[in-house]
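Below, each chain spelled out in residue letters.
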Amino acid sequence: MAKKIQKPRKINGFAIRFMPYSEIKNLTSTERIKKILEIAFENYILILQGRLRPEEETRLIEDTMAMIGHVKSFKGIELAVISSDDQTGAIDRIKNRIVMSLSGGDIGAVTIIGPASVVKEIKRDPKKIELMLNK
Amino acid sequence: MAIKVVTSFFRRIFSGVFQNKKEIKLGFYGPPNAGKTSLANRICKDFTGEEIGSVSKIPHETREVQFKEKVEISYKGKSMTFKMVDTPGIATKVDYEEFLKYKVNTKDAKIRAKEATQGIIESIKWLDDMDVVVVVLDATENPYNQVNITLIGNLVARKIPILIVANKSDLRKANTKKIEEAFPEYKVIGISAKYGKNFEEFYEEIFKISKRSK
């Protein structure tokens, strides 16, 4: 008997947008967060070169919460940062910080932000990162 | 001039003597359902006889910051007074449909979701006021969650002493070691808030980090 070939499941409507750090480098915190959230409202998964400052990350969470219920079908975001700082020793970390202060940010890092309606979960462990999408 | 020098000298001496009598703001932070209120309840019950808030299996049970003032914790002959601040769990998304799984009706689920989003904002606003923070993580969950990393990064940026607690260590799936590996720069203590497991080490560490607070 011939084996039934299963068709891969189709995922409806998701798109990825890449953003170099230069696009946010000279923006204020408010402008950075506004720009990121506007991309999430458009249902894009954003892959950003670099990372936000710690206080900007919490501000992003605060503004995300404030927008739930105000933007149609917006339930929040999924967020993950892969930093060059994560798995290095103390000396490498100091070197990274010097490079960071010279370049104006942690450009070795990658930030992934997706709307919760599209990205179900970002599974992360030290060695890999997986995006689980909503069907 | 001489009087000023003498009074400032005595003020410094006496403030040093009575430093431990100051009320230290001890915050309980972490993702939803990690056991922040269970832990705060156990401490409050042990030292005041009263609990701080209600606990539930439904996420976002704590949707407002809750306090208990003048909680005097005595351990091995030492004593410190704390203002306990139990905060709503921090998350990057809140979906009312999640609550429907727990047999909450749609209307209540929507109200709960709205209150939860406000609670998260309130939690973050309170970060600046903390002297010491206990980051409560669920030892059965993956610790490499961005909320945990963001929270700890913010506490470090604010120079607030941190103690990481791996709660629910009584459960078979609990993996305290994984939390230690995820945050190697911090002290991690495996506890069970539900059964009061390993609280000696917890209090010991609370006293230690509280001395480092501003």
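The model shown is predicted, which means the values in this text are computed figures rather than measured ones. (Residues numbered from 1 in each chain as written. Chains lettered and ligands numbered in written order. Predicted model: local features only at pLDDT ≥ 70, side-chain atom pairs only at ≥ 80, totals over all residues.)

Engineer: Provide a residue-level description of the overall build of chain B, including the pertinent values.
Structural biologist: Scanning chain B from terminus to terminus reveals 7 helices and 6 strands. Ordering the α and β elements of chain B from the N terminus gives α-β-α-β-β-α-α-β-α-β-α-β-α. The buried share among the 214 residues of chain B stands at 46%. Within chain B, residue pairs in contact and separated by at least 24 positions form 70% of the contacts whose partners lie at least 6 positions apart. (Helix = DSSP H or I, 4+ residues; strand = E, 2+ residues; numbered from the N terminus. Buried ≥ 20, exposed ≤ 12 C-beta atoms within 10 Å, placed from the backbone. Contact = placed C-beta atoms within 7 Å.)

Engineer: Tell me about the sheet that holds strand β1 (residues 15–19) of chain A, and please be specific about residues and values.
Structural biologist: Residues and elements named next belong to chain A. With respect to topology, 4 strands assemble into an open sheet ordered β1-β2-β4-β3, the strand pairing being mixed. This sheet does not close on itself; its edge strands, each paired only once, are β1 and β3 (77–82). Mean inter-strand twist for the sheet, computed between neighbouring axes without regard to direction, equals 15 degrees. By the bridge criterion, 6 bridges tie β3 to strand β4 (residues 110–115) in an arrangement that is antiparallel. Bridge pairing in β4 places V81 opposite T111. (Pairing = 2+ DSSP bridges. Axes fitted to C-alpha atoms, helices over the stretch in contact; angles between N-to-C directions.)

Engineer: Go over the interface of chain A and chain B with me, naming the residues and quoting the values.
Structural biologist: With 22 residues of chain A in contact, the opposing surface of chain B contributes 18 residues. Every element with two or more residues in the side of chain A that touches chain B is listed here: α3 (54–67) and β3 of chain A. Top element by residues in the side of chain A that touches chain B is α3(A). It accounts for 9 residues. Split into classes, the residues belonging to the side of chain A that touches chain B amount to 11 nonpolar, 4 polar and 7 charged. (Nonpolar A, V, L, I, M, F, W, Y, C, P; charged D, E, K, R; others polar.)

By themselves these figures say nothing about function.
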